[in-house]
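Structural characterization, general
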Amino acid sequence: MNEPNHHQIATYLTDYAISELVKYVIEDTGCTIEQAMERVYNSPLMQALQDEEGELYVQSPAYLYELMNQI
């Protein structure tokens, strides 16, 4: 079995963080999943989160959620 490369790890962690961010938005606001996804994907945080070189994806989803709410 091959070990995952940096890109695969970054993609996995980014996808996980996004799914957790959507859950947090739903829990905090009571909005629909579609509304929560729109809020997360349209957040200024998304561009930074998807930048593999910045490695923001290694932060906890809770930290990222707080950061998203501050931007």
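In case you missed it, the structure is sitting above this.
Just so it is clear, the structure is predicted and the values come from calculations on it, not from any experiment. (Residues numbered from 1 in each chain as written. Predicted model: local features only at pLDDT ≥ 70, side-chain atom pairs only at ≥ 80, totals over all residues. Heavy atoms only, no water.)

**Quick look at the environment of glutamine 47**
Inspection of the secondary structure assignment puts glutamine 47 in helix α3 (residues 45–49). Expressed as a C-alpha distance, the spacing of glutamine 47 and alanine 62, which sit 15 residues apart in the sequence, is 18 Å. (Helix = DSSP H or I, 4+ residues; strand = E, 2+ residues; numbered from the N terminus.)

**Section: helix α1 (residues 6–29)**
Over its 24 residues, α1 runs 34 Å from end to end, which matches the ideal 34 Å to within 8%, given 1.5 Å per residue. Looking at α1, one finds that the buried residues are Ala10, Thr14, Ala17, Ile18, Glu20, Leu21, Val22 and Val25. On the buried face of α1, the contacting elements are α2 (33–41), α3 and α4 (61–70). (Expected span 1.5 Å × (residues − 1). Buried < 20%, exposed > 50% of the residue type's maximum accessible area, 1.4 Å probe, protein only. Contact = heavy atoms within 4.5 Å.)

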